[in-house]
Amino acid sequence: MRVAKSGGALLALMMAAGCGQGGEAPSADAAAPAPSAAEASLSETGPSDTGPSETGAPAEAVWSLDSAASRVGFVSIKSGEVIETHYFPGLSGELAPSGEAVVEIPLDQVETKVDIRNERMREMFFETGDYPAASIRTTVAAQDFADLPIGGRRQTEIDAVLSLHGVEAPVSADVFVTRIAETRVEVASAEPVVLFLSDFNLEAGLEMLREVAGLPSIVPSSPVTFTFVFDAQGA
């Protein structure tokens, strides 16, 4: 299939960054104090599975998507040169203590800034009566981002499964992971990613949109951008 680094996959990554150390990283030449007897004992036995994480968030905390701060945007190109931007509000999602992450995109809330076009996108293109939402699922290795300090940012690639219009497909995305606070992490697209509509059986809906709008053409692919912000719950 042809999915050029799809946007949805990136959400899970952001949470991983918040599962590590809090505050600024210590200086490399700072002398470390000798461990106490209790600390030495802990290092031998390992931390408790139910104790707090190094961020101050419980190890079993669930990370929830901040809907108001998160968005998926996409672009359409019609008549060869007319570019229009659209987006999805109302996202939801979470990262479980197991590392499994999911983000839900409510297709029936698509916003194109034109009411009649919103209606046509819902009914003809996405067919939200049958497919009201898209979802992205992935598994996060939190230890890969445990050393990210507050204010720190890292670029990486993540893999996930995108479910859209009845089709599930593997996707990947280059993302920036930024730790905003001890218990708040942002994952955003490092560059626009491209979805090819033929990979998700959306060509027929696109043709219906073209005909009803009386357009000579609509490009059958779409650049996608995204921002996902997660907060630790119960920290």
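Here, the structure is the one placed above.
Predicted, not measured: the structure shown is a model, and the values here were computed from it.

Rules and cut-offs
- Chains are numbered independently. Their residues run from 1 in the order of the written sequence.
- The predicted nature of this model means local features are confined to residues of pLDDT at least 70 and side-chain atom pairs, given and counted, to a pLDDT of 80 or more, with totals for whole chains, interfaces and linings taken over all residues.
- With hydrogens and water stripped out, all remaining heavy atoms of the structure feed into the side-chain values.
- By definition, a salt bridge exists where a carboxyl oxygen of Asp or Glu is found within 4 Å of a side-chain nitrogen of Lys or Arg.
- Strands here mean DSSP runs of E at least two residues long; helices mean DSSP runs of H or I at least four residues long; both are numbered from the N terminus.
- Burial classification: accessible surface area is computed with a 1.4 Å probe over protein chains only, and a residue below 20% of its type maximum counts as buried, one above 50% as exposed, and the rest as partly exposed.
- The contact criterion used is simple: two residues touch if any of their non-hydrogen atoms lie within 4.5 Å.
- Residue types Ala, Val, Leu, Ile, Met, Phe, Trp, Tyr and Cys, when buried and joined through side-chain atoms within 4.5 Å, form a set referred to as a nonpolar core.
- Any two strands between which DSSP finds at least two bridges are classified as paired.
- What a helix is expected to span follows from its residue count: subtract one and scale by 1.5 Å.
- Working note: the arc is built from the helix axis to C-beta atom directions.
- Axes here mean lines fitted to C-alpha atoms, for a helix over just the part in contact, with angles spanning 0 to 180 degrees between N-to-C directions.
- Geometric relationships in this document are graded by angle, where less than 35 degrees denotes roughly parallel, more than 145 denotes roughly antiparallel, 65 to 115 denotes roughly perpendicular, and other angles denote oblique.

## Structural notes on the pattern of salt bridges
Then comes step 1: On inspection of all chains with the given rule, the structure shows six salt bridges.
Then comes step 2: A salt bridge links Glu84 to Arg117; the shortest N-O distance between them is 2.9 Å. Linking Glu84 in strand β4 (residues 82-88) with Arg117 in helix α3 (residues 115-126), this pair joins segments that are 33 residues apart in sequence.
Then comes step 3: The class of Glu84 is buried, set by a relative accessible area of 17%.
Then comes step 4: With its nearest N and O atoms 2.6 Å apart, the salt bridge here joins Asp231 to Arg184. You can see Asp231 sitting in strand β12 (residues 221-233) and its partner Arg184 sitting in strand β10 (residues 184-189), a full 47 residues away along the chain.
Then comes step 5: Where salt bridges share partners, they join Asp66, Arg184 and Asp231 into one cluster.

## What about the side chain of Ser222?
Then comes step 1: In this structure, Ser222 sits in strand β12.
Then comes step 2: Apart from the residues within four sequence positions on either side, Ser222 is in contact with Phe74, Val75, Val193, Val194 and Leu195.

## Points about the nonpolar core
Then comes step 1: Counting 46 residues, the largest nonpolar core has Val72, Phe88, Ile105, Phe125, Phe200 and Phe228 as its most contacted members.
Then comes step 2: The element best represented in this core is strand β9 (residues 167-181), accounting for six residues.
Then comes step 3: Excluding residues within four positions of it along the chain, Phe88 makes contact with Arg71, Val72, Phe74, Ile105, Pro106, Leu107, Val110 and Phe126.

## A few points about the environment of Thr183
Then comes step 1: Structurally, Thr183 is set in the loop between β9 and β10.
Then comes step 2: Separated by 48 residues in the primary sequence, Thr183 and Asp231 place their C-alpha atoms 5.6 Å from one another.

## Overview of the pairing of strand β8 (residues 153-164)
Then comes step 1: Sheet topology note: the strand β7 (residues 133-139)/β8 ladder contains three bridges and is antiparallel. Each residue of the ladder has a partner; that of Arg137, found in β8, is Val161.
Then comes step 2: Strand direction decides the pairing type here: β8 and β9, joined by 12 bridges, are antiparallel. Note that in β9 the partner of Val161 across the bridge is Pro170.
Then comes step 3: From the end of β8 to the start of β9, which pair antiparallel, there are two residues, and His165 there has a positive phi angle of about 55 degrees.

## Re α3
Then comes step 1: Over its 12 residues, α3 runs 15 Å from end to end, which matches the ideal 16 Å to within 8%, given 1.5 Å per residue.
Then comes step 2: Restricting attention to buried positions, one finds in α3 the residues Asn118, Met121, Phe125 and Phe126. Buried residues of α3 fall within an arc of 90 degrees about the axis and therefore sit on the same side. In α3, those exposed residues whose orientation departs by more than 90 degrees from the buried face are Asp115 and Glu123.

## What to know about the packing of α3 against helix α4 (residues 203-213)
Then comes step 1: For the pair α3 and α4, interaxial distance at closest approach is 8 Å and the crossing angle is 135 degrees. When the axes of α3 and α4 are compared, the pair comes out oblique. Contact residues: α3 offers Arg120, Met121, Met124 and Phe125, while α4 offers Gly205, Leu206, Met208, Leu209, Val212 and Ala213.

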